[in-house]
Amino acid sequence: MLSVTPIPAFSDNYIWLLRQDTSQAVCVVDPGDATPVIEWLEREGLELGTVLITHHHHDHTGGLAELIKRYSPRVIGPDNPEIDGIDERVGDGDEVRVMGRLFEVLALPGHTLDHIGFFTPGIPPLLFSGDVLFSAGCGRLFEGTPAQMHESLSRLESLPEDTLVFAAHEYTLANLAFARAADPDNADIEAAEAECQRARELDRPTLPTTLGRERRINPFLRCASAGVRQAASAHGDTDNDLSTFTTLRAWKDGF
Ligand code: ZN
Ligand code: FE
């Protein structure tokens, strides 16, 4: 059986660790820091077989050099020469077999231009969404345009309801505070806030989330909803889904 565990890093990153109970070799996603990964592997007596990278930001790649030196894993990531140490550079539509599952690579530009996601169908389907899709939020636009990010989120939205979404940051509570403002009549947001508050008090991650849940609580996936459009209209254009998304993203940046 495949299990996925968060290794907390820095103040709010998660390095997701994939493990099959039949193998000592595990996979980690976006190791921004090598130290917590090495500690985890040593404590559990595991080896690092594979690394997946979603984009070039340091908080996702900073541990790569040391992990390569120590474990020589197979490293799969975006086709971006700025990232040292990737030996399989992949892009949209490529498929990679990792931990016994076939992952589809999705190009998800917006937060950065090189951003990719890894999706595997199955029971349940899994998505590693990096800094594109968070619970109740989405990544900031550092390199891409609102149109690119909107398109990337639309692609993720078409994945199955029960897809488990493993995002790279614990931003959920802050995102929900914005979601409440952006979608004020949505009772699911209030319920999610209470639930996530409890999880954080117990020092538990609010992730993974599911795509079905994100369709209900994530304002960035709800640009067509009348309530979101109405709330966003005080902050800019809301003529269509893209302009509503653009307005929401700019509003959130200053929130
Ligand atoms: Zn990032
Ligand atoms: Fe990040």
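As annotated in an unreviewed UniProt entry, the chain is Hydroxyacylglutathione hydrolase from Halomonas gemina. Its UniProt record, at the heading Subunit (unreviewed entry), says of the chain: "Monomer." The annotation that UniProt attaches to the chain under Function (unreviewed entry) is "Thiolesterase that catalyzes the hydrolysis of S-D-lactoyl-glutathione to form glutathione and D-lactic acid."

**Q** So what exactly am I meant to see when it comes to the UniProt feature "domain: Metallo-beta-lactamase" (unreviewed entry) in the chain here?
**A** When the UniProt feature table is mapped onto this chain numbering, "domain: Metallo-beta-lactamase" (unreviewed entry) sits at residues 12-169. The span residues 12-169 carries 22% helix and 35% strand; its end-to-end C-alpha distance comes to 5 Å.

**Q** Just checking my understanding: could you explain the coordination of the iron ion (ligand 2) for this structure?
**A** Angles at a metal have ideal values that depend on geometry: 109.5 degrees with four tetrahedral donors, 90 or 180 degrees with six octahedral donors. Taken together, D59 (OD), H60 (NE2), D131 (OD) and H169 (NE2) make up the full set of protein donors to the iron ion (ligand 2), lying 2.1 to 2.3 Å away. For the iron ion (ligand 2), the 4 donor atoms in the first shell make angles of 85 to 165° at the metal, a pattern classed as irregular. Separating the iron ion (ligand 2) from the zinc ion (ligand 1) is a gap of 3.3 Å, bridged by D131, which donates to each. Placement of D131 in the loop between β10 (126-130) and β11 (133-134) and of H169 in the loop between β13 (164-167) and α5 (172-182) is noted, with a sequence separation of 38 residues between them. With relative accessibility at 4%, the residue D131 sits in the buried group. Judged by relative accessible area, which is 3%, H169 ranks as buried.

**Q** Got a minute to help me understand the packing of α5 against helix α6 (residues 187-201) in this structure?
**A** The axes of two packed helices give the description: the angle between them and the distance between them. One way to put it is that α5 packs onto α6 with a least axis distance of 10 Å and a crossing angle of 160°. Looking at the two axes, α5 sits roughly antiparallel to α6. For the crossing formed where α5 meets α6, the hand is left-handed. Residues T172, L173, L176, A177, A179 and R180 of α5 form the contact with α6, whose participating residues are I189, A192, E193, C196, Q197 and R200. Class assignment for the residues of the contact of α5 with α6 results in 7 nonpolar, 2 polar and 3 charged.

**Q** Sorry, what's going on with the UniProt feature "binding site: Zn(2+) 1" (unreviewed entry) in the chain here?
**A** Summarizing the sequence annotation, UniProt attributes the feature "binding site: Zn(2+) 1" (unreviewed entry) to H55, H57, H111 and D131 in the numbering used throughout. Across 77 residues of sequence, these annotated residues stay compact in space, with a maximum C-alpha separation of 10.0 Å. Of the annotated residues named above, the ones that line the largest pocket are H57, H111 and D131. Along the chain, H55 turns up in the loop between β4 (47-52) and α2 (58-61). Other than its neighbours up to four places away in sequence, H55 contacts D30, H60, T61, P78, I83, H111, T112, D114, H115 and D131. A polar contact is formed between the side chain of H55 and the side chain of T54, at a distance of 2.9 Å. At 2.9 Å, the side chain of D131 forms a polar contact with the side chain of H60.

**Q** Looking at this model, I keep getting lost on the coordination of the zinc ion (ligand 1). Mind explaining?
**A** Listed as protein donors to the zinc ion (ligand 1) are H55 (NE2), H57 (ND1), H111 (NE2) and D131 (OD); their distances from the metal cover 2.2 to 2.3 Å. Coordination at the zinc ion (ligand 1) is irregular, judged from the 4 donor atoms that bind it and the angles of 87 to 169° they form at the metal. On the primary sequence, the residues serving as donors to the zinc ion (ligand 1) are separated as H-x1-H-x53-H-x19-D. Using a relative accessible area of 0% as the deciding quantity, one classes H55 as buried. We classify H57 as buried; its relative accessible area is 17%.

**Q** Please explain α5 as it appears in this structure.
**A** Since the α-helix packs 3.6 residues into each turn, any two residues three or four apart lie on the same face. Taken residue by residue, α5 has T172, N175, L176, F178, A179 and A182 as its buried positions. Projected down its long axis, α5 carries its buried residues within an arc of 165°, all on one side. Close packing links the buried residues of α5 with β11, β12 (137-138), α6, α7 (211-217), α8 (226-232) and α9 (241-253).

**Q** Before we go on, may I ask you to explain the sheet that holds strand β7 (residues 95-98) in this structure?
**A** What holds strands together in a sheet is hydrogen bonding between their backbones, with the strands either parallel or antiparallel. Ordered in space as β7-β8-β9-β10-β13-β14, the 6 strands form an open sheet in which the pairing is mixed. Each edge of the open sheet carries a strand with a single partner, namely β7 and β14 (209-210). Judged from the 4 bridges that link them, β7 and strand β8 (residues 101-107) form a sheet pairing that is antiparallel. Of the residues in β8, the one forming a bridge with V96 is F103.

What counts and how
- Residues numbered from 1 in each chain as written.
- Chains lettered and ligands numbered in written order.
- Predicted model: local features only at pLDDT ≥ 70, side-chain atom pairs only at ≥ 80, totals over all residues.
- Heavy atoms only, no water.
- UniProt positions renumbered as here; feature names shortened; annotations may be inferred.
- Helix = DSSP H or I, 4+ residues; strand = E, 2+ residues; numbered from the N terminus.
- Donors = N, O, S within 2.8 Å, 3.2 Å for Na, K, Ca; no water.
- Tetrahedral: all angles 85-135°; square planar, octahedral: opposite > 155°, others 65-115°.
- Buried < 20%, exposed > 50% of the residue type's maximum accessible area, 1.4 Å probe, protein only.
- Axes fitted to C-alpha atoms, helices over the stretch in contact; angles between N-to-C directions.
- Parallel < 35°, antiparallel > 145°, perpendicular 65-115°, else oblique.
- Left-handed = near helix turned anticlockwise from the far one by under 90°.
- Contact = heavy atoms within 4.5 Å.
- Nonpolar A, V, L, I, M, F, W, Y, C, P; charged D, E, K, R; others polar.
- 1 Å grid on protein atoms, 1.4 Å probe; cavity = no way out; pocket = protein on both sides within 12 Å on 5 of 7 lines; lining within 4 Å.
- Polar contact = N/O pair within 3.5 Å; in protein donor to acceptor, adjacent residues only side chain to side chain.
- Arc of directions from axis to C-beta.
- Pairing = 2+ DSSP bridges.

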